[in-house]
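As a plain string of letters, each chain reads:
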Amino acid sequence: MKQWLAFMRRGYGKKLVSLHSWNGWIVVILALTGIVLFQGAWRGILGEGRVIIRWLHIIVGLASLIPVVFYLVLASKHWKQLKGKGMQRANVVIVLGLLVGWLLSGVLLWQFKAVGPAWSNTALTIHDLLTWVGLPYIIYHSLTRLKWLKQPHRLTIKTGNPGEGVHPAARPEAVLSRRAFIRTAIGAGIVIAVGPSFLKWMGSQLNSGADIEQLVQSDANKLIPAPAPLPASLPPIGGGSKGSFRIYTVTPIPTFDNNSFSFTVDGLVNNKLQWNWEQFVKLKRTVQVSDFHCVTGWSVYQNTWEGILLKDLLKLAGVKPSAKTVKLYSGDGVYTDSLTLDQANMDDVMVALLHDGKPIPSDLGGPVRLVVPKMYTYKSVKWLNRIELIEGDHTGYWEERGYSTDAWV
Ligand SMILES: Nc1nc2c(c(=O)[nH]1)N[C@H]1C(S)=C(S)[C@@H](COP(=O)(O)O)O[C@H]1N2
Ligand SMILES: [Mo]
C-alpha cells in the first residue's frame, strides 16, 4: 500500500522509470522459471519443486499484466515524447507485443484442460517461439543500455584542452565506434549462444518424423530378436505420426538387454506371470492408431502403436475380486502410476513394443511402454516392466507432485 501510494505520487517520468524496472524484474523471474520448465533435465532434479516453479511462473505471468495496463495509461504521452525516435518506438511495440503474446498463450497453457490439446498445442508453439526470439531481444536490449556503455566519458577526467590527454573513449567518434563495436559483439554473442538450440527447436517443429527416425537409429536397447511388425504396423496404418515427442524422464534413461529385461504381472492375481524377452515378444499383439497429449501442451498425432492389450494381460493373470487398482512400475526404478481396473480394461490401453512399425527406442520408453490414449500421457509409463494388482489406491509420480489424478483428455 505504501509503495503504491509512493508510486501514484510520483511524476510521469519517475512512474515510467519505475514501471520499466518492475517490468524488468518480472521478465527476469519469468525467464528463469520458464527455462527451468522448458528444460527436461530439471524434471528429475526438482521433482516436486517443479510444480512450485510452475505456479510461480503462472502467477508472475498473470501479474505481468499490471505494468502493461499502467503503461497503457501513460502510453499516449510517452508515444509523443518518442516522436522521431523510431528505434525506441519500435522497442515499445516489440516489448508490449511480447508481453501480451506470452500472457495470452500462457493463459491457454495454464487452462489446458478447458481449451483442449489443439489450442494448447498452438499456444505452446507460440509461447516457445516468442521466447526464442523475445528473450534474446530483451537480453540484448538490457545489455546495450547499461549505463557504463552509454556514458563512457564518465570514466575519464576532462582536461582543459579538448582532444589532448583525453582518454580515447571520450572523443565522440571513438565513443561511437566503441559503442557500435560492443553492441555488435553482444548481438553476435547472443546469436552464437542461442542460434544452434533455436534451429534445433525449429527443426523439431517442422520436420515431424525425422527426429524419431534418429532416435530409432540411436536406440541404446539391445534386445534380440526385434519384434516383427504386423502388416498393419509396417507400413503404419496411421500413415506415420505427426509432431515430435519431447523426451521426458525423471531419471537417467535406462537401457535393457536380454539379460536385464523381464516383465511381471503380480499382486492380487491367480497366476503370477513373468516373461523374459524371448517369451514376451511371442505374446499376441494388436495395432492401434492414437494421439499422444502431454499436459504441458505438446501432442503427437496419429501414432501407430503395436503391442499387447493390457486387458489381455490381466485376463491371462486372472484378477482376484479383491483387486481394485492396477499399479504400473517403470524399469527406471522411480516412476510409477496407476489405473483403476475399469480404466485398465478399456479396449485401447496398450503395453506397446512398436511405434510406426519400429521398436520403441530407449529415449521414448522402449522396449516396452504403456499407452493410454484417452488420458494425458503422464499415465503412459515408459520402460514399463511390472504390473501389480493391489487393493488400495496408488498415487503416481506426478500426481504426488501436483498433477491431477483425473488424467482424462
Ligand atoms: N518412466 C517414466 N515414464 C514417463 C515419464 C517419466 O518421466 N518417466 N514422463 C511421462 C510424461 S509427463 C510424458 S508427457 C510422457 C513423455 O513421453 P516421451 O518422453 O516418450 O515423449 O511419458 C510419461 N511417462
Ligand atoms: Mo507430460
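Residues numbered from 1 in each chain as written. Chains lettered and ligands numbered in written order. Predicted model: local features only at pLDDT ≥ 70, side-chain atom pairs only at ≥ 80, totals over all residues. Heavy atoms only, no water.

Outline the environment of His-127, listing residues and values.
In this fold, His-127 is placed in helix α8 (residues 117–144). For His-127, a relative accessible area of 14% translates into the label buried. Linking His-127 and Asp-219, residues 92 residues apart in sequence, is a C-alpha distance of 31 Å. Beyond its immediate stretch of four places on either side in the chain, His-127 contacts His-57, Trp-102, Ser-105, Gly-106 and Leu-109. (Helix = DSSP H or I, 4+ residues; strand = E, 2+ residues; numbered from the N terminus. Buried < 20%, exposed > 50% of the residue type's maximum accessible area, 1.4 Å probe, protein only. Contact = heavy atoms within 4.5 Å.)

Describe unusual backbone geometry, and please don't skip the residues or the numbers.
Of note, the amide linkage connecting Ile-224 to Pro-225 takes the cis form, showing an omega dihedral of 0°. Looking at where Pro-225 falls in the secondary structure, it is placed in the loop between α11 (210–217) and β1 (263–267). With an omega dihedral of 15°, the bond running from Gly-366 to Pro-367 counts as a cis peptide bond. By the element assignment, Pro-367 lies in the loop between β8 (358–359) and β9 (369–371). Even without a glycine there, the phi angle at Gln-302 is positive, about 55°. For Gln-302, a relative accessible area of 32% puts it in the partly exposed group.

Residues and numbers for the nonpolar core, please.
Core analysis: the biggest nonpolar cluster contains 66 residues, and Phe-263, Val-265, Phe-280, Leu-339, Val-351, Val-368 and Ile-387 have the highest contact counts within it. No other element matches strand β7 (residues 350–355), which puts 5 residues into this core. Three or more residues apiece are contributed to this core by two domains, here domain 1 (2–206) and domain 2 (222–400). Contact partners of Phe-280, with chain neighbours within four places excluded, come to Phe-261, Phe-263, Trp-275, Ile-308, Val-351, Leu-353 and Val-368. (Core = buried A, V, L, I, M, F, W, Y, C linked by side-chain atoms within 4.5 Å. Domains from an automatic or database assignment.)

Pulling in residues and values, what's your account of the sheet that holds strand β6 (residues 336–340)?
If you walk across this open sheet you meet the 5 strands as β2-β1-β10-β5-β6, and the pairing is mixed. For this open sheet the edge positions go to β2 (273–275) and β6, each flanked by a neighbour on one side alone. Strand-to-strand twist in this sheet, taken as the mean axis angle between neighbours without regard to direction, amounts to 15°. Of the strand pairs in this sheet, β1 and β2 are connected by 3 bridges, and their pairing is antiparallel. Note on β2: the bridge partner recorded for Thr-264 is Gln-274. Set on the sheet, helix α13 (residues 310–317) makes contact with β1, β2, β5 (325–330), β6 and β10 (384–390); between it and β2 the angle comes to about 120°. (Pairing = 2+ DSSP bridges. Axes fitted to C-alpha atoms, helices over the stretch in contact; angles between N-to-C directions.)

An account of the domain arrangement of the protein is needed here, citing residue identities and associated values.
According to the domain assignment, the protein contains domain 1 (2–206) and domain 2 (222–400). Taken together, the 18 residues of domain 1 in the interface contact 15 residues of domain 2. For the pair domain 1 and domain 2, the two sides together bury roughly 1,400 Å², of which 51% comes from carbon and sulfur. The interface formed by domain 1 and domain 2 includes 1 salt bridge. Taking the shortest distance from any N to any O, the salt bridge between Arg-246 and Asp-128 comes out at 2.9 Å. Residue contributions to the side of domain 1 that touches domain 2 peak at 6 residues, all from α8. (Buried area = accessible area lost by both parts, 1.4 Å probe. Salt bridge = Lys/Arg side-chain N within 4 Å of Asp/Glu carboxyl O.)

Please give an account of the packing of aromatic side chains that cites residues and values.
In this structure the tally under the stated criterion is 20 aromatic pairs. An angle of 90° between the planes, with centres 6.1 Å apart, marks the rings of Phe-38 and Trp-132 as edge-to-face. Residue Phe-38 is located in helix α2 (residues 12–38), and its partner Trp-132 is located in helix α8; the two are separated by 94 residues in the primary sequence. Owing to a relative accessible area of 18%, Trp-132 belongs among the buried residues under this scheme. Taken together, a centroid distance of 5.0 Å and an interplanar angle of 70° make the contact between Phe-245 and Phe-292 edge-to-face. On the criterion of sequence distance, the pair formed by Phe-245 in the loop between α11 and β1 and Phe-292 in strand β3 (residues 286–293) is long-range, its members being 47 residues apart. Look at Phe-245 and you get buried, because its relative accessible area is 9%. An aromatic cluster of at least three residues, connected via ring pairs, comprises Phe-245, Tyr-248, Phe-292, Trp-298 and Trp-305. Positioned above the aromatic ring of Tyr-248 is the side chain of Arg-43, whose terminal nitrogen or guanidinium carbon lies 3.6 Å from the ring centre. Above the face of the Tyr-397 ring, Arg-401 is positioned so that its terminal group lies 3.6 Å from the ring centre. (Phe/Tyr/Trp six-rings, centres within 6.5 Å; stacked < 30°, edge-to-face > 60°. Lys NZ or Arg CZ within 6 Å of the ring centre and 35° of its normal.)

So what about the side chain of Arg-401? Which residues, and what values?
Within the secondary structure, Arg-401 sits in the segment after α15 (397–400). For Arg-401, the side chain forms a polar contact with the main-chain oxygen of Tyr-397, separated by 2.8 Å. (Polar contact = N/O pair within 3.5 Å; in protein donor to acceptor, adjacent residues only side chain to side chain.)

Describe the site of ligand 1, with residues and values.
Inspection of the region around ligand 1 gives 21 residues, with Arg-246, Tyr-248, Arg-369, Ser-380 and Lys-382 positioned closest. Within the contact set of ligand 1, an oxygen atom lies 3.3 Å away from a backbone nitrogen or oxygen of Val-250. Within the backbone of Ser-380, a nitrogen or oxygen atom sits 2.9 Å from a nitrogen atom of ligand 1. Among the residues forming the shell around ligand 1, the class breakdown is 12 nonpolar, 4 polar and 5 charged. (Near = heavy atom within 4 Å. Nonpolar A, V, L, I, M, F, W, Y, C, P; charged D, E, K, R; others polar.)

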